[in-house]
Amino acid sequence: MFIGLIISKIFTYLYRILLARGLGPEAYGIFSLCFAIVSFLTAMSKFGVPSALERYIPIYLKDKSRLKGIITFSLRTAFIVSLILAVLTFVFSSNIAVWLNSPEISEVLKIFSLSIPFIVLLSLLVSISKGFKNILYPTISFNLIYPSFNLLLAGMLIYMGYGVVSIAIAFFAANVLALLFLVLKIETKIFSFTAKIKPVFMNSEILKYSVPLLFVAISYLIIGWTDTIMLGYFESETVVGLYNAALPTAALMMFAPSVLVPLLLPVFSSLMSKKKNNQISNLYKTVSYWTVLINLPLLMLFFAASNLIFKILFGDIFTTASFAFIVLSAGFFMKSLAVPSIKMMELHKQTKTIFWIILSSALLNVLLNLAMIPRYGMDGAAISSAISFLIIFLAVSFIVFIKHKIYFVSKRMLKAIITTVVVFAPFLYVYETLLPRTLITVIVLAAVSGSIYFVLSYLFVFSSDDKALIKKLFSKITRLNI
């Protein structure tokens, strides 16, 4: 999963650099608007079912009939809804473009709309595989095949002169290819969809659990994409493009939970069925601690070198988004810390509570965007999102503490925070005051400070379990190299 995510991030960033440099900010803005619309519609189509699959599949691993019922109902329902929404988007693409004051997106949105059923099915199959505690095939499909093929095909089509339409065609084809691979692997290696097993359906229980998560997903997307859509309404496609260089870069803060959390809910469910509450608590604190350990140094790097990062990756024109990038990075840091608490609440079926928290934050985000975008542009949009993420983090952490008597802060986390400040603060001071702000300077300082940080963490922060994990990781990597 770790290796797959690193490769995925590299391909995704090369892809965004290709769009930004090859097509310019305006075309990149068109892509961002279309992607935002498709993200809303795919979230609606999934009905919150992915989390339900990850929770219920581990519980009924030995009951093939119930597994067949859960999986069949989930796939059938999501596919029908996604197909309806795809058709409606295709038919009304011109109306959507007029409403957004962006007539240029109409034709591109039509092609994007064709991807909706494939994206939804791919997402559900990823969750099915995770439910069976298999992360290999989703990693190959979603983190390797999809981003690499998307990049290569988009690059070829842009080179051939197809312009912004290239993005939509490559996006559609990459999703289809990734889906076909995952269908084949699950069918032959994990769970046969065609096996002659009489399904036992649990439709009402699945819907009761998942429907609140549908609105949670939509509310998250409101927070994540309302700023993009409102910028498209109040500002130009160019501003949208600039902002959406900052947004995914700041979202690198979600890399740590992306590595640590994918199997958290299935493992939680398995431990709960065995009544191992102490292990659940320890695992929750460990994931939170590792998130801080990885993300806090990254956040300090983003704060120090935002202008340089944007200049190197996207070009001089994109450096105007550096302040928005700093604010969004702080917001995503808070969001990354909220993820383990949300999974803990999902384990205890507190999906309605999650919904009300996320919905409240989403509505606040809309109001803040309405007030701040006309005055401050993309900086106002970034501040609105960061405030929303902060409120979510505070709310879910408080509820887990009150309801389950577990707090995400541990002694190891406090040691990690102190170590981060002690190591990186002097290097940031040297970078800001004494050295030229160049790529070489950043690389050298990051390498030196990162090495010192790892050594000090290993000596004074890591527990025996952490050290055993690191040794096991290096052992596996060594065997892979051989």
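Residues numbered from 1 in each chain as written. Predicted model: local features only at pLDDT ≥ 70, side-chain atom pairs only at ≥ 80, totals over all residues. Heavy atoms only, no water.

### A look at a positive patch on the surface
Now for step 1: The grouping of K62, K133, K274 and K276 at the surface amounts to a positive patch.
Now for step 2: Note that K276 resides in the loop between α12 (264–273) and α13 (277–313).
Now for step 3: K276 sits in the partly exposed class, given a relative accessible area of 36%. (Patch = residues over 30% accessible without salt bridge, like charges linked within 9 Å, V, L, I, M, F, W, Y side chains within 5 Å. Areas by Shrake-Rupley, 256 points an atom, 1.4 Å probe, with all protein chains shown as cover. Salt bridge = Lys/Arg side-chain N within 4 Å of Asp/Glu carboxyl O. Lys, Arg positive; Asp, Glu negative; His and termini not counted. Charge placed at Lys NZ, Arg CZ, Asp CG, Glu CD. Helix = DSSP H or I, 4+ residues; strand = E, 2+ residues; numbered from the N terminus. Buried < 20%, exposed > 50% of the residue type's maximum accessible area, 1.4 Å probe, protein only.)

### Quick word on helix α1 (residues 2–46)
Now for step 1: Here α1 spans only 26 Å end to end across 45 residues, well under the 66 Å set by a 1.5 Å rise per residue.
Now for step 2: Along α1, the sharpest kink reaches roughly 125 degrees, centred on G24 and followed within four residues by the proline P25.
Now for step 3: A positive phi of about 55 degrees marks F47, the residue just after α1. (Expected span 1.5 Å × (residues − 1). Bend = angle between axes of the 7 residues up to and from the residue.)

### Points about the side chain of T42
Now for step 1: Following the sequence through the fold, T42 ends up in helix α1.
Now for step 2: With a relative accessible area of 8%, T42 lands in the buried category.
Now for step 3: Beyond its immediate stretch of four places on either side in the chain, T42 contacts I116, I119 and V120. (Contact = heavy atoms within 4.5 Å.)

### Focus: the nonpolar core
Now for step 1: If you look at the biggest cluster of nonpolar residues, it comprises 158 residues, and the most contacted ones within it are F112, Y243, F310 and I392.
Now for step 2: Ranked by residues supplied to this core, first place goes to α1 with 17 residues.
Now for step 3: Here F310 is in contact with A245, A246, T249, G315, F318, T319, A321 and F325, once residues within four sequence places are set aside. (Core = buried A, V, L, I, M, F, W, Y, C linked by side-chain atoms within 4.5 Å.)

### Some details on the environment of F318
Now for step 1: Tracing the backbone through its elements, the reader meets F318 in the loop between α13 and α14 (322–347).
Now for step 2: You can call F318 buried: its relative accessible area is 1%.
Now for step 3: Note: C-alpha distance between F318 and Y243 (75 residues apart in sequence) is 8.5 Å.
Now for step 4: Sequence-distant contacts of F318, defined by excluding residues within four places in its chain, comprise A20, P25, Y28, G241, L242, A245 and F310.

### Overview of the packing of aromatic side chains
Now for step 1: Summed over the entire model, instances satisfying the criterion amount to 15 aromatic pairs.
Now for step 2: Seen in terms of ring centroids, F302 and F325 are 4.9 Å apart; in terms of plane orientation they differ by 50 degrees. Their pairing is tilted. Within this pair, whereas F302 is found in helix α13, its partner F325 is found in helix α14, the two being separated by 23 residues in sequence.
Now for step 3: According to the relative accessible area criterion, F302 is buried, its value standing at 4%.
Now for step 4: When the ring of F355 is compared with that of W356, the centres are 4.9 Å apart and the planes differ by 50 degrees; the resulting orientation is tilted.
Now for step 5: Through a chain of ring-to-ring contacts, the aromatic side chains of F35, F112, F142, Y146 and F171 assemble into a single cluster.
Now for step 6: The ring centre of Y56 lies 5.3 Å from the NZ or CZ of R55, which sits over that ring.
Now for step 7: Here the basic side chain of K467 rests over the ring of Y458, its NZ or CZ set 5.2 Å away from the ring centre. (Phe/Tyr/Trp six-rings, centres within 6.5 Å; stacked < 30°, edge-to-face > 60°. Lys NZ or Arg CZ within 6 Å of the ring centre and 35° of its normal.)

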